[in-house]
Amino acid sequence: MDKVRKKTIGIIALIILAIIIISNCFTVVEAGHTGVVVTLGKVSDRVLQEGIHFKIPFVQKIVRIDNRIVKLEVSTEAFSKDLQTVSTVLAINYRVDTSKSYNIFKNIGADYESILVTPAVNEVLKAITAKYTAEESVTNRALISDGLVTELNEKLNESGLFVTDVNIINFDFSEAFITAIEEKQVAQQQLLKAETEKQTAITNAEADAETIRIKAEAEAAANGTISDSLSPDIIEYLKIEKWNGVLPQVTGGASTLIDLEK
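Below or above, wherever it landed, is the structure these notes cover.

Parameters and conventions
- Residues numbered from 1 in each chain as written.
- Predicted model: local features only at pLDDT ≥ 70, side-chain atom pairs only at ≥ 80, totals over all residues.
- Heavy atoms only, no water.
- Pairing = 2+ DSSP bridges.
- Helix = DSSP H or I, 4+ residues; strand = E, 2+ residues; numbered from the N terminus.
- Axes fitted to C-alpha atoms, helices over the stretch in contact; angles between N-to-C directions.
- Contact = heavy atoms within 4.5 Å.
- Buried < 20%, exposed > 50% of the residue type's maximum accessible area, 1.4 Å probe, protein only.
- Polar contact = N/O pair within 3.5 Å; in protein donor to acceptor, adjacent residues only side chain to side chain.

### Some points on the sheet that holds strand E6 (residues 70-79)
Alright, step 1. Strand order across the open sheet formed by 3 strands is E6-E7-E8, with antiparallel pairing between neighbours. Looking at which strands have only one partner, the edges of the open sheet turn out to be E6 and strand E8 (161-172). With direction set aside, neighbouring strand axes in the sheet form an average angle of 25 degrees.
Alright, step 2. In this structure, strand E7 (residues 85-96) lies alongside E8, joined through 10 bridges in antiparallel fashion. If you follow Tyr94 over to E8, its bridge partner there is Val163.
Alright, step 3. Where helix H3 (residues 112-129) meets the sheet, it contacts E6, E7 and E8, and its direction lies at approximately 40 degrees from that of E6.
Alright, step 4. Where helix H5 (residues 141-156) meets the sheet, it contacts E7 and E8, and its direction lies at approximately 145 degrees from that of E8.

### Some words on the side chain of Ser80
Alright, step 1. Along the chain, the position of Ser80 falls in the loop between E6 and E7.
Alright, step 2. Ser80 sits in the buried class, given a relative accessible area of 3%.
Alright, step 3. There is a polar contact of 2.4 Å between the side chain of Ser80 and the side chain of Asp82.
Alright, step 4. Ignoring any residue separated from it by four or fewer positions in sequence, one finds Ser80 in contact with Val86, Thr129, Ala130, Tyr132, Thr133 and Ala134.

In structure tokens:
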């Protein structure tokens, strides 16, 4: 009975060992990833794509590299062209080139984000921020984002990292700078208001002058029409129409007064 029990235990142990060995002969690389083959510490340039792959059990291990687009958020400070401190929060989307997964793992390691990507973002941002004043940084966000994408790719592509997009989440400045900007905006608004009021006054004055000119021209035209229509005969007729039929009572001469009724 003991022999049968020992034999059964031995068979079960062999089955378990076989299962362990078989399970270690295969590996699965998930979608969006590649597998870097490491054989007894040596990194192979053969990269495993998505799917099931055979490997030598207990000799080879597979390091999975995420080749999907990854989002990295970086907070950093830089100085603008006018020496203002600009606190910036960036969201960087990047991916690992599948063909260079082994190269990244071999030369940099699995922590390539903190070793390579983050320092590159800080360096490039400081260089680009120095090209603009603090105020220009706010109004030229798109240019700064495009510049970051271009220069980051120039630094990282050779290593197998590709930046697809950079979004500037926030620009923050010192309290003194923000106050100065607010005061400038208030001054500009007051200047615009004064200019508007001045233009309105000029427009009203011009409108009044135009009204007076039109009225004067109309009166002059009317007087001219009346003057042109008064011939000598009409003038004489109007005199007769206005005469009430009574002759003057007294006429004066050099030395005599004549009573016209006698």
